[in-house]
Amino acid sequence: MTSDRSQVQIELHSDDYGESIHTSEDILELMKSGCLDGISILTNMHCFDETSRILLEAVPSLPFVPYLSVHIDLVEGRSLVEYTAGQPLPWNWKKLYLTSYHIPAKDNGGQLMKYAGVEQRLIEEVRLQIRRGWELIRQVYDLADEKGIPCKSHGLRLDSHQHAHLIPIVWKSLMQAAEEEAWDIEYIRTAHEPLGVFFKHLSMVWNPIGFVKNRILAVHAPKVEKYILSRGQKPAYMWGLLMSGHMDMDRIESIMPDMIRKCARNGYDLEINIHPGRMLASEQNEEIPTESAETFYLRDERCVEAQTVRVFHDRID
């Protein structure tokens, strides 16, 4: 694995900074220990101002600033669009996916979703979320530079909550907003998790929802990879769908050699997508559906993944 490993950059990346205060504090503690290579920042939760404040306050105590990405959220949280600002977003992942293929779907208010109207709304929502996140990230970079804290990057990096940016209508809207804003995008997550590397490890825990997402996203990842390659950038496979909630070190170490070989063979880096921040039950509100909170955000498995982050680099290196 040594020669293959030297060809592959591994990024241990935490999503969902800004989901709640407690989630963000958990992630910040790992950043202060230098355990995370990257984090993604939500911008459309009611606690955004507070989680932004504690992030900026933490910068002087960080050993380095990890990769920072705007975590575009089009399936949970609140709208930033002026005429609906503060209201819950009117759709979910499934409804956006159906609308992409002009299949009738009703929004959360019972109104039929029309492609043109949804696309225009998405363009504006994406634009506002990225602007808001990029403004915060630039403040972090500026403060780090002022304090002499090294940064892994100073560029604009994008991914999305539940990887919704790969949904066709969302991708089209994102590309339209990026063109209009003339953003110089350094990185976009491919959300492409190679399925074949898991075939020798069927005894590992598989997440049924993650398996379905794995197959759907594999169909749509090539357009993201094509975009990345067209800009002279190196794509990265993502690891974290099939094992979501079960990313402990024993499982990671068992699969890692096969994952590294796959990346090296195809000329990809590797982004390990993990969720070490846990929401408190008292923080759950209408921004996040109760089912999602109970299935994902409140689960003790997030504490397991936090422990994985703490030991990852020592064990893998």
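Above this note sits the structure.
Residues numbered from 1 in each chain as written. Predicted model: local features only at pLDDT ≥ 70, side-chain atom pairs only at ≥ 80, totals over all residues. Heavy atoms only, no water.

**So, the environment of W206**
Basically, it comes down to this: Only DSSP runs of H or I covering at least 4 residues are called helices, and only runs of E covering at least 2 are called strands; the numbering of each starts at the N terminus. Note on contacts: a residue pair qualifies if any of its non-hydrogen atoms lie within 4.5 Å across the two residues.
Mapped onto the secondary structure, W206 falls in the loop between β5 (185-188) and α7 (208-230). Taking the C-alpha atoms as reference points, W206 and R310, separated by 104 residues in sequence, lie 23 Å from one another. Non-local contacts of W206, meaning those with residues more than four positions away in its chain, are made with L195, F198, H201, F211 and L242.

**Examining the pattern of salt bridges**
The following threshold applies: Here, a salt bridge means any Lys or Arg side-chain nitrogen found within 4 Å of an Asp or Glu carboxyl oxygen. For each residue, the accessible area found with a 1.4 Å probe, counting protein chains only, is set against the maximum for its type, and the residue is called buried under 20%, exposed over 50%, and partly exposed in between.
Evaluated as defined, the whole model comprises 26 salt bridges. A salt bridge links E29 to K32, with the nearest nitrogen and oxygen atoms 3.7 Å apart. With a gap of three residues between them, E29 and K32 both fall in helix α2 (residues 21-32), about one helical turn apart. Looking at E29, the relative accessible area reads 47%, which means it is partly exposed.

**Some points on the nonpolar core**
Nonpolar side chains in soluble globular proteins generally cluster together in the buried interior. Worth spelling out the cut-off: Nonpolar cores were defined as sets of buried Ala, Val, Leu, Ile, Met, Phe, Trp, Tyr and Cys residues, with membership established by side-chain atoms within 4.5 Å.
In terms of nonpolar packing, the biggest core is built from 91 residues, with L96, W239, M256 and L270 touching the most fellow members. At 13 residues, helix α5 (residues 115-147) tops the list of elements feeding residues into this core. Non-local contacts of L96, meaning those with residues more than four positions away in its chain, are made with L74, V75, W91, M113, V118, L122, I167, I169 and V170. Listed in part, the eight residues of the second largest apolar core include C47, I288, A293 and Y297.

**Overview of the layout of surface pockets**
Convention followed: Any residue with an atom within 4 Å of a point lines the site, the site being either a cavity, points on a 1 Å grid over the protein atoms alone where a 1.4 Å probe fits but cannot get out, or a pocket, an open set with protein on both sides within 12 Å along at least 5 of 7 lines. Grid points are joined across faces, edges and corners, and a volume is the space filled by probe spheres set on the points. For this classification, the nonpolar set comprises Ala, Val, Leu, Ile, Met, Phe, Trp, Tyr, Cys and Pro, the charged set comprises Asp, Glu, Lys and Arg, and every other residue, Gly included, is treated as polar.
Looking at the largest pocket, its volume works out to about 1000 Å³. Every residue lining the largest pocket is counted, 35 residues in all, and those nearest its centre are Q162, I209, K213, S292 and F296. Elements represented by at least two residues in the lining of the largest pocket include exactly β1 (10-17), α4 (93-100), α7, α9 (290-297) and α10 (301-316). For the lining of the largest pocket, the leading source of residues is α7, giving six residues. Each residue belonging to the lining of the largest pocket can be placed in one class, and the counts come to ten nonpolar, 15 polar and ten charged.

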